[in-house]
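# Secondary and tertiary structure notes
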Amino acid sequence: MDRSRLAHHLERARITGEVATPRENNLAHIHRFLAGERQFDFGVELTREWDYESVFALMVDRAGLRPEADYSDGVDTISTDRCLDALELLAAAVGETARAGGRILFATGHPAGLLPVHMALAAAAEDQGANIVRQDSVIPVPDIGGDCREINRVWIWHLHGGTPHTHLGEPMHALLDDLEARDRAVPDLVVADHGWAGAASSRGLRAFGYADCNDPALFVAEAQGQLEATIPLDDDVAPYLYEPMIAFLLDRAGFSRSEPSAALS
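The paragraphs below set out a description of the structure included in this document. (Residues numbered from 1 in each chain as written. Predicted model: local features only at pLDDT ≥ 70, side-chain atom pairs only at ≥ 80, totals over all residues. Heavy atoms only, no water.)

### With respect to helix α2 (residues 23-34)
Spanning 12 residues, α2 covers 17 Å between terminal C-alpha atoms, matching the ideal 16 Å at 1.5 Å per step. Buried residues of α2: Arg23, Asn26, Leu27, His29, Ile30 and Phe33, and no others. Each buried residue of α2 sits inside an arc of 155° when the element is viewed along its axis, so together they form one side. Turning to α2, the residues buried within the fold contact β1 (17-22), α3 (52-63), β2 (75-78) and α8 (216-223). Immediately downstream of α2, the backbone of Gly36 shows phi near 75°, a positive value. (Helix = DSSP H or I, 4+ residues; strand = E, 2+ residues; numbered from the N terminus. Expected span 1.5 Å × (residues − 1). Buried < 20%, exposed > 50% of the residue type's maximum accessible area, 1.4 Å probe, protein only. Arc of directions from axis to C-beta. Contact = heavy atoms within 4.5 Å.)

This is how it looks when you write it as structure tokens:
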């Protein structure tokens, strides 16, 4: 998969470039993150002081938000180059860990968007020798209810018969606590998003996370040295639009050379 070809697709699909997440939402989420709101901290533990100006500057630099401080509403942006650079880092880490027989945990708080991305990478990693964290017991999440479930090698939070979108870190904490309590090996690598990634990074695990431009917590975790890389992208487009990105990840990880299907045509 050619990088320039994927860049064109990402922008055409509005996964990067001019995206659907509006500027006013991005700025509001910075304030809510700094206020420590539970749905916006993503389980990230702050290790230094942050203010609005420093987080805004970080989001411009790492996510690609428009840099004009007085631009408060309208279309905002995500950096295609930043996304591609982070995808390269993620692919290399997954490929190296898989070939070494390492233990990898995949999880998502956006099952209607990113689940197929995680599933494809997890299946390929397992084929290459990775030990994927799979479910062999019921794992309740006591603080918020529901339980952790694994679907085709990817962990999600289940509640009342559904798989909700969640920013919360509690499901990851419950899963890791369960692994430790049963003397199961913690993962060598976590590939996740939302609170799953933030909570893993706060517990000192090697982790990568996908994040939208209204999700400052994971970019802060990366800046604090907790998260190895944050991949900026719109995290909830129609799943088929991620197919070329999946092909790119598999290719860069050394798992596959196959071309994606209709999403690029």
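Read on for the rest.
### Quick look at the pattern of salt bridges
What the rule picks out here adds up to 21 salt bridges. Arg32 serves as the salt-bridge partner of Glu37, at 3.0 Å between the closest nitrogen and oxygen. With relative accessibility at 30%, the residue Glu37 sits in the partly exposed group. (Salt bridge = Lys/Arg side-chain N within 4 Å of Asp/Glu carboxyl O.)

### A word on the side chain of Asp76
Examined against the element boundaries, Asp76 turns out to sit in strand β2. A relative accessible area of 0% places Asp76 in the buried class. In this structure the side chain of Asp76 is engaged in a polar contact, spanning 3.1 Å, whose partner is the side chain of Arg23. There is a polar contact of 3.0 Å between the side chain of Asp76 and the backbone nitrogen of Arg66. With sequence-adjacent residues up to four places away left out, Asp76 is seen in contact with Gly17, Glu18, Val19, Thr21, Arg23, Asn26, Leu65 and Arg66. (Polar contact = N/O pair within 3.5 Å; in protein donor to acceptor, adjacent residues only side chain to side chain.)

### Here we look at the packing of aromatic side chains
Per the stated rule, a full pass over the model turns up one aromatic pair. Taking 6.1 Å as the distance between ring centres and 10° as the angle between the ring planes, the aromatic pair formed by Tyr52 and Phe56 counts as stacked. In this pair, Tyr52 and Phe56 both sit in helix α3, four residues apart, roughly one turn of the helix. Tyr52 gets classed as partly exposed once you look at its relative accessible area, which sits at 22%. Positioned above the aromatic ring of Trp50 is the side chain of Arg48, whose terminal nitrogen or guanidinium carbon lies 3.7 Å from the ring centre. (Phe/Tyr/Trp six-rings, centres within 6.5 Å; stacked < 30°, edge-to-face > 60°. Lys NZ or Arg CZ within 6 Å of the ring centre and 35° of its normal.)

### Overview of helix α6 (residues 170-181)
Here α6 is 12 residues long and its end C-alpha atoms lie 16 Å apart, about the 16 Å a rise of 1.5 Å per residue gives. Along α6, the residues that are buried comprise Glu170, Pro171, Met172, Ala174, Leu175, Leu176, Asp178 and Leu179. Each element contacted by the buried residues of α6 is listed here: β3 (103-107), β5 (139-140), β6 (147-151), β7 (154-158), β8 (189-193) and α7 (194-202).

### Thoughts on unusual backbone geometry
Despite not being glycine, Arg14 has its phi angle at roughly 60°, a positive value. Of note, Arg14 is situated in the loop between α1 (3-12) and β1. A relative accessible area of 39% means that Arg14 is categorised as partly exposed. One non-glycine residue with positive phi stands out, namely Asn152, at about 50°. Within the secondary structure layout, Asn152 lies in the loop between β6 and β7. The partly exposed category is assigned to Asn152, whose relative accessible area is 44%.

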